[in-house]
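Now for the letters of each chain:
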Amino acid sequence: MKIYFCGSIRAGRQDAELYGRLIDLLKQYGSVLTEHVGFKELEKSEKTLTDKFIHDRDIDWLKECNVVVAEVTQPSLGVGYEIGRAVAMDKKILCLFRPSPDKRLSAMISGADDGSNFVVKNYQEEEAQQIFKDFFS
Ligand SMILES: O=c1[nH]c(=O)n([C@H]2C[C@H](O)[C@@H](COP(=O)(O)O)O2)cc1CO
């Protein structure tokens, strides 16, 4: 099982440590192609790469993966783009959103939930393990 994990990078790194913990949980189910999204020092390593390289590498990984898991609480153009491309590739997608009074998820994500291939879950971190268990079973 190859998993493509999406999380905000240039749109803000406030959830980076959470991404790292989610990626650790996901490793029980397969290999995470985009492990760097959860790295604390990420910006240093990705800074040596051109935007074209990053885009083309990530689209190749997206083509290669079996499922996409996206943490969508921090809105990110890159994550939205990856999700749209993944839909066009018929990938199975799980989006995770942590509700709070100051955040509203885009209708283009919440409204895409079809209960099977595109699943959107409101969650708190402690529920992630069970959500992954259900999604991957
Ligand atoms: O350096 C990068 N490396 C990288 O893999 N990405 C991909 C993976 C993330 O899921 C997504 C983040 O997009 P953004 O940077 O617009 O928040 O794009 C994005 C960047 C920077 O845009």
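Here goes a summary of the coordinates provided.

Conventions we followed
- Residues numbered from 1 in each chain as written.
- Predicted model: local features only at pLDDT ≥ 70, side-chain atom pairs only at ≥ 80, totals over all residues.
- Heavy atoms only, no water.
- Core = buried A, V, L, I, M, F, W, Y, C linked by side-chain atoms within 4.5 Å.
- Buried < 20%, exposed > 50% of the residue type's maximum accessible area, 1.4 Å probe, protein only.
- Helix = DSSP H or I, 4+ residues; strand = E, 2+ residues; numbered from the N terminus.
- Contact = heavy atoms within 4.5 Å.
- Arc of directions from axis to C-beta.
- Expected span 1.5 Å × (residues − 1).
- Disulfide = S-S within 2.5 Å.

Membership of the largest hydrophobic core comes to 20 residues, with the highest contact counts inside it found for Phe5, Val69 and Phe132. At the level of secondary structure, the elements contributing two or more residues to this core comprise strand 1 (2-6), helix 1 (16-26), strand 3 (67-71), strand 4 (92-97) and helix 6 (128-136). Residue contacts for Phe5: discarding those within four places in its chain leaves Tyr19, Leu22, Ile23, Leu26, Val32, Thr34, Val37, Val69 and Glu71. One finds Cys65, Val68, Ala70 and Ile93 within the second-largest nonpolar core, a separate group that totals 19 residues.

What follows covers helix 6. Within helix 6, the full set of buried residues consists of Ala128, Ile131, Phe132, Phe135 and Phe136. Taken end-on, helix 6 shows its buried residues confined to a sector of 115°, consistent with a single buried face.

Turning to helix 4 (residues 77-88), a few remarks are in order. It helps to recall that an α-helix has 3.6 residues per turn; residues three or four apart then point in one direction. Between its first and last C-alpha, helix 4 extends 17 Å over 12 residues, near the 16 Å set by a 1.5 Å rise per residue. Taken together, the buried positions of helix 4 are occupied by Val79, Glu82, Ile83 and Ala86. For helix 4, the angular spread of buried residues about the axis comes to 100°, placing them on one side. Opposite the packed face of helix 4, turned more than 90 degrees from it, sit the exposed residues Leu77 and Ala88. Tucked into the core, helix 4 has its buried residues touching strand 1, helix 3 (51-64), strand 3, strand 4, helix 5 (107-110) and strand 5 (118-122).

As used in these notes, a disulfide is a covalent bond between sulfur atoms, one from each of two cysteines. Enumeration according to the criterion identifies 0 disulfides in this entry. The thiol of Cys65 is not disulfide-bonded; the next cysteine sulfur, from Cys6, is found 8.3 Å away. Of the residues examined, Cys65 reaches a relative accessible area of 3% and is grouped as buried. No disulfide involves Cys95; its sulfur sits 7.7 Å from that of Cys6, the nearest cysteine. Under the relative-accessibility criterion, Cys95 is labelled buried at 0%.

All we've got here are geometric facts, nothing functional implied.
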